[in-house]
Amino acid sequence: MAEPSMRQLHLHVIGQDFDSQHLKHKKHWNSFNTAFFRDSVDVIEEVSKNGKATLRDEESLLSMELRCHRCRSAHPNIPR
């Protein structure tokens with residue numbers, strides 16, 4: 001199982017250009033472009049209902065093949 005980089009619940013606000021020096025590796029790209037990245041409304045609802053948010057199967061989501069966030073075509077490297 002992958003170790004979360006931040007233990008506390010936190011929020012990312014991202015643009016659709018994904019222009020960042022921090023998107024260097026497949027796991028970084030996939031953390032924002034797969035079901036690993038959760039909508040804040042869903043997380044707030046889960047925390048309100050259960051008192052906590054649960055992690056999904058992050059290892060399989062972060063290791064998925066790279067796909068363009070717009071057209072979903074597969075790429076061998078991080079889309080630019």
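Since this is a predicted model, take the numbers as computed values, not measurements. (Residues numbered from 1 in each chain as written. Predicted model: local features only at pLDDT ≥ 70, side-chain atom pairs only at ≥ 80, totals over all residues. Heavy atoms only, no water.)

Novice: What is the right way to read the overall build of the chain from this model?
Specialist: Summing up its helical and strand segments, the chain has three helices and two strands in all. Listed N to C, the secondary structure of the chain is α-α-α-β-β in terms of helices and strands. For the chain, buried positions account for 24% of its 80 residues. Sequence separation of at least 24 residues holds for 56% of the intrachain contacts in the chain that already meet a minimum separation of 6. When the accessible surface of the chain is split by element, carbon and sulfur atoms take 53% of a total near 6400 Å². (Helix = DSSP H or I, 4+ residues; strand = E, 2+ residues; numbered from the N terminus. Buried < 20%, exposed > 50% of the residue type's maximum accessible area, 1.4 Å probe, protein only. Contact = heavy atoms within 4.5 Å. Areas by Shrake-Rupley, 256 points an atom, 1.4 Å probe, with all protein chains shown as cover.)

Novice: Help me understand the nonpolar core, please; the structure alone is not making it clear to me.
Specialist: For soluble globular proteins, the rule of thumb is that nonpolar side chains tend to be buried together. Core analysis: the largest hydrophobic core is formed by five residues, namely Phe18, Leu23, Trp29, Leu66 and Ile78. Ignoring sequence-local partners within four residues, the contact set of Leu66 consists of Lys26, Trp29, Asn30, Ser73, Ala74, His75, Pro76, Asn77 and Ile78. (Core = buried A, V, L, I, M, F, W, Y, C linked by side-chain atoms within 4.5 Å.)

Novice: Could you clarify how one ought to interpret helix 2 (residues 40–50) in this entry?
Specialist: Since the α-helix turns once every 3.6 residues, residues separated by three or four places project in the same direction. The opening residue of helix 2 is Asp39, an N-cap whose side-chain oxygen sits 2.8 Å from the backbone nitrogen of Val41. Once helix 2 ends, the next one or two residues include Gly51, with phi positive near 80°. (Polar contact = N/O pair within 3.5 Å; in protein donor to acceptor, adjacent residues only side chain to side chain.)

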